[in-house]
Amino acid sequence: MTVTFEVRDGVGTIQLDRPPMNALDVAIQDRLRELAEEATRREDVRAVILYGGEKVFAAGADIKEMQAMDHTAMVLRSKGLQDAFTAVARIPKPVVAAVTGYALGGGCELALCADFRIAADNAKLGQPEILLGLIPGAGGTQRLARLIGPSRAKDLIFTGRMVRAEEALTLGLVDRVVPAAEVYDQAQAWAAQLAKGPALALRAAKESIDAGLETDIDTGLTIERNWFSGLFATEDRERGMRSFVEEGPGKATFL
């Protein structure tokens, strides 16, 4: 398999496995969509890690495969490409990208689909599509601009330059930089902590933030209000408040 999915203690790891550079061909794209939908459905999956292995996250699309496509072929394929990445971005559970080595083009776009990004100190990220006479096509022009702002996104997309981990941290492209040997373990710790949390409240928080970013403040507040009030119907809310009153903050155990 070019992408594997393993679940342990509530944490599902979606791992790219196409040596040497995890080039994201059509088969990987479709498999990512399938696994994202599986992670969404499965109740035993409460948080997700995106991982490319110890050496590289993903160095981009399969350029040889793309070179063989003409305009008609890409018109037919481009929605499937975006749908695969959107399925990852819409997993209604916490998602962390554990980024080692290169995360370029589609690899960077895949990392952008996560809620949190932990990068190795040897990581290099970027959107080099302009150097091929193209632009990002798997969400990069949209998610990158929303994450780091339009001016910074234009700098990276217009020039196609790569940024090292520390600059990526300064830009807000990644959230934490750690030694390469610790990337997966730290992603596992982040995901494991959230996997113990209230699943519906985490879903509500994620969807409120993501949906709110796509609309005006008043609509965003309505989205928040509906989720907030809706959580009062959940057992997790009862457990959390009861534990707070009886034991103090931070001691609740959620199903």
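Calculation rules
Residues numbered from 1 in each chain as written. Predicted model: local features only at pLDDT ≥ 70, side-chain atom pairs only at ≥ 80, totals over all residues. Heavy atoms only, no water. Core = buried A, V, L, I, M, F, W, Y, C linked by side-chain atoms within 4.5 Å. Buried < 20%, exposed > 50% of the residue type's maximum accessible area, 1.4 Å probe, protein only. Helix = DSSP H or I, 4+ residues; strand = E, 2+ residues; numbered from the N terminus. Contact = heavy atoms within 4.5 Å. Polar contact = N/O pair within 3.5 Å; in protein donor to acceptor, adjacent residues only side chain to side chain. Pairing = 2+ DSSP bridges. Axes fitted to C-alpha atoms, helices over the stretch in contact; angles between N-to-C directions.

This next bit is on the nonpolar core. Residues L50, F57, L125 and L173 are the most contacted members of the largest nonpolar core, which totals 47 residues. Per-element tally for this core: the top contributor is helix 3 (residues 71–89), with six residues. If near-sequence neighbours (up to four positions away) are discounted, L125 is found in contact with A103, L104, C108, R161, M162, V163, A168, L173 and V174. Within the second largest apolar cluster, 15 residues are counted, among which are A47, A98, A120 and A187.

Moving on, we get to the side chain of D62. Looking at where D62 falls in the secondary structure, it is placed in the loop between strand 3 (47–51) and helix 2 (63–67). Among the polar contacts made by the side chain of D62, one reaches the main-chain amide nitrogen of K64 at a distance of 3.3 Å. For D62, the side chain forms a polar contact with the main-chain nitrogen of E65, separated by 3.1 Å. When sequence neighbours within four positions are dropped, the list of residues in contact with D62 reads R18, A23, L24 and D25.

A few words now on the sheet that holds strand 2 (residues 11–16). The strand order 1-2-3-4-6-9 describes an open sheet built from six strands, whose pairing is mixed. At either margin of the open sheet sits one strand with a lone partner, and together these are strand 1 (3–8) and strand 9 (176–178). Sheet twist, expressed as the average angle between the axes of neighbouring strands with direction ignored, equals 20°.

A few words on the pairing of strand 2. For strand 2, the buried fraction is high: five of the six residues fall into the buried class. Across six bridges, strand 1 lies against strand 2 in antiparallel orientation. Paired with V7 across the strands is G12, a residue of strand 2. In this structure, the hairpin formed by strand 1 and strand 2 is closed by a connection of two residues, where D9 is found at a positive phi of approximately 50°.

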